[in-house]
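# Breakdown of the fold
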Amino acid sequence: MLAPRNFDDLITQANNENLYVKLVRQLNKDFLLANIDLDFEEDILPTSLKYILQDTIFKLIQEKFAEYLNVLYIIDVPEHKVKQLDGSDVAELSEQITFLILLREWQKVWYRNKY
């Protein structure tokens with residue numbers, strides 16, 4: 001598996017391997033485990049998925065930081081990658097974190113499907 005470099009690469013890979021729905025299900029599962037009220041429809045458009053997830057992450061960073069950290073822990077986003085990000089602009093940070101979340105969820109789905 002070539003690691004996607006951006007959101008479009010990730011969605012293209014997911015669609016090419018018919019795993020987009022499983023990616024959405026994995027997101028729903030992990031956010032439910034984190035007790036975050038976020039439930040995506042399986043047929044959600046990728047751009048809508050990105051913006052809703054990014055908005056949710058933005059609000060968690062701003063208002064519920066402990067829950068934000070819990071989501072990162074449950075999804076298993078690599079801590080060293082989060083530490084590399086510049087947190088001076090929360091909007092940009094939420095976009096980058098959204099990609100890291102989607103990337104980690106994609107890895108889980110891909111490996112589960114492959115092996």
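Our structure is the block above this text.
Quick look at the structure, then. Source: prediction; values computed, not measured.

Checked against the element boundaries, K81 lands in helix α5 (residues 79–83). With relative accessibility at 29%, the residue K81 sits in the partly exposed group. For the pair formed by K81 and K22, sequence separation is 59 residues and the distance between their alpha carbons is 24 Å. Contacts of K81, omitting those with residues within four sequence positions, involve L100 and L103.

Running from N to C, helix α2 (residues 20–33) and helix α4 (residues 65–75) cross one another at 130°; their axes reach a closest spacing of 9 Å. When the axis of α2 is compared with that of α4, the two are oblique. Here α2 runs over α4; the crossing is right-handed. Contacts from D30, F31 and L33 in α2 reach V71, I74 and I75 in α4. Taken together, the residues that form the contact of α2 with α4 break down as five nonpolar, no polar and one charged.

Counted according to the given criterion, the structure contains eight salt bridges. The salt bridge partner of K83 is E79, with a shortest N-O separation of 3.1 Å. With K83 and E79 both in helix α5 and four residues apart, this pair spans about one turn of that helix. The same class applies to K83 and to E79, which are both exposed. Between E105 and K108 there is a salt bridge, and its shortest N-O distance comes to 3.3 Å. Of this pair, E105 and K108 both sit in helix α6 (residues 90–114), separated by three residues, roughly a single helical turn. Taking the relative accessible area as the measure of exposure, K108 reaches 13% and is therefore buried. Through salt bridges that share partners, D30, E105 and K108 make up one connected network.

The next thing to look at is helix α3 (residues 46–63). Helix length check: α3, at 18 residues, gives a terminal C-alpha distance of 26 Å against a target of 26 Å (1.5 Å per residue), a fit within 8%. Within the sequence span of α3, burial applies to L49, K50, L53, Q54, T56, I57, L60 and I61. Taken end-on, α3 shows its buried residues confined to a sector of 165°, consistent with a single buried face. Exposed residues pointing more than 90 degrees away from the buried face of α3 are listed as Y51 and E63.

Quick notes on the rules
- Residues numbered from 1 in each chain as written.
- Predicted model: local features only at pLDDT ≥ 70, side-chain atom pairs only at ≥ 80, totals over all residues.
- Heavy atoms only, no water.
- Helix = DSSP H or I, 4+ residues; strand = E, 2+ residues; numbered from the N terminus.
- Buried < 20%, exposed > 50% of the residue type's maximum accessible area, 1.4 Å probe, protein only.
- Contact = heavy atoms within 4.5 Å.
- Axes fitted to C-alpha atoms, helices over the stretch in contact; angles between N-to-C directions.
- Parallel < 35°, antiparallel > 145°, perpendicular 65-115°, else oblique.
- Left-handed = near helix turned anticlockwise from the far one by under 90°.
- Nonpolar A, V, L, I, M, F, W, Y, C, P; charged D, E, K, R; others polar.
- Salt bridge = Lys/Arg side-chain N within 4 Å of Asp/Glu carboxyl O.
- Expected span 1.5 Å × (residues − 1).
- Arc of directions from axis to C-beta.

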